[in-house]
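Each chain, written out:
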Amino acid sequence: MSQPCRSVYIFAKANNIPFNNHEVLLFKGECYDLMDMNFSVLGASPLGEHLSEEFSKVNPLRKVPFLKDGDFTMAESTAMLLYLANKYKTPDHWYPCDLQKRARVDEYLAWQHTNTRPHCSKLFWVKVMTPFLLGHEAEPEKLDPVLTEFNTTLTAIEEKFLGGKPFIAGDEMSIADLVAIVEIMQTIAGGIDAFENKPKLADWKNRVEDAIGAALFKEAHEKVLRVKDMQNMPIPPELKERLRARLQQFPLMKL
């Protein structure tokens, strides 16, 4: 369900990096049973396993993903991707040795933290979580500004980061493309066709999917693309209040 988790998962699988995958249930409740997620139980928090005392001993930041490599531990997905690329000497195209190509990857990773990541996440919450939590679609005056931010981000990816290139760093896929696609796919789960009337972006998406491999791409996104299945399921009151509070954090989302 988490975009950053998907990026690390895809990268490790695509590069045959051995790992033990520990799934963490972020929102504990009956609504997720429908999605056939077999999560390990890390604690007793009714709001999510990442908030449990037991998980905080693993990661004091209480965030996912989290990496443990022997005695070395780290958070933050983009940092993990660079660490894995360097440690396992993955093919050069992921994080190129060429200084200027590498700089293009770094540039996108720095930019996306305040653009692709928040704008795609916000759209997902407003489009998907509003009907789930409030029982109605988001009003146009609340959805439209979020869509505008999202489309501005897509335009920047098309015109600035891709330009006339097949991928962000050049002729081959890099970590930058991987981080970008998992965020955009989150909006696809919300019923937004991010690639409609954007042939350049649609072609890029197809190239990224081919580079990752169709089977792995589908596996990684299968659960989030089924997220609307949960909208008619019951949800524990305590969890619902926490999610409603999260929804209220977004501008214009007054309940």
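Look up a bit, the structure's there.
Residues numbered from 1 in each chain as written. Predicted model: local features only at pLDDT ≥ 70, side-chain atom pairs only at ≥ 80, totals over all residues. Heavy atoms only, no water.

Here S7 shows up in helix α1 (residues 3-14). Only 2.7 Å separates the side chain of S7 from the backbone oxygen of P4, close enough to count as a polar contact. In contact with S7, not counting residues within four places along its chain, are S77, L81, L178 and V182. (Helix = DSSP H or I, 4+ residues; strand = E, 2+ residues; numbered from the N terminus. Polar contact = N/O pair within 3.5 Å; in protein donor to acceptor, adjacent residues only side chain to side chain. Contact = heavy atoms within 4.5 Å.)

With that out of the way, let us pick up the nonpolar core. With 51 residues, the main nonpolar core has F11, Y108, I175, L178 and W204 as its most contacted residues. Taken together, the elements giving at least two residues each to this core come down to α1, α3 (77-87), α4 (99-112), α5 (116-134), α6 (140-162), α7 (175-189), α8 (199-212) and α9 (214-221). Sorting elements by how many residues they give to this core places α7 first, with nine residues. In terms of nonpolar packing, the next biggest core, distinct from the first, is built from nine residues, M129, F132, L133 and V227 among them. (Core = buried A, V, L, I, M, F, W, Y, C linked by side-chain atoms within 4.5 Å. Buried < 20%, exposed > 50% of the residue type's maximum accessible area, 1.4 Å probe, protein only.)

Here we take up α1. Here α1 is 12 residues long and its end C-alpha atoms lie 16 Å apart, about the 16 Å a rise of 1.5 Å per residue gives. With nine of 12 residues buried, α1 lies mostly within the body of the structure. Listed in full, the buried residues belonging to α1 are Q3, P4, R6, S7, V8, Y9, I10, F11 and A12. The elements touched by buried residues of α1 are α3, α5, α7, α8 and α9. Between the side-chain oxygen at the start of α1 and the backbone nitrogen of C5 there is a gap of 3.3 Å, and the oxygen is on S2. N16, located one to two residues past α1, shows a positive phi value of around 55°. (Expected span 1.5 Å × (residues − 1).)

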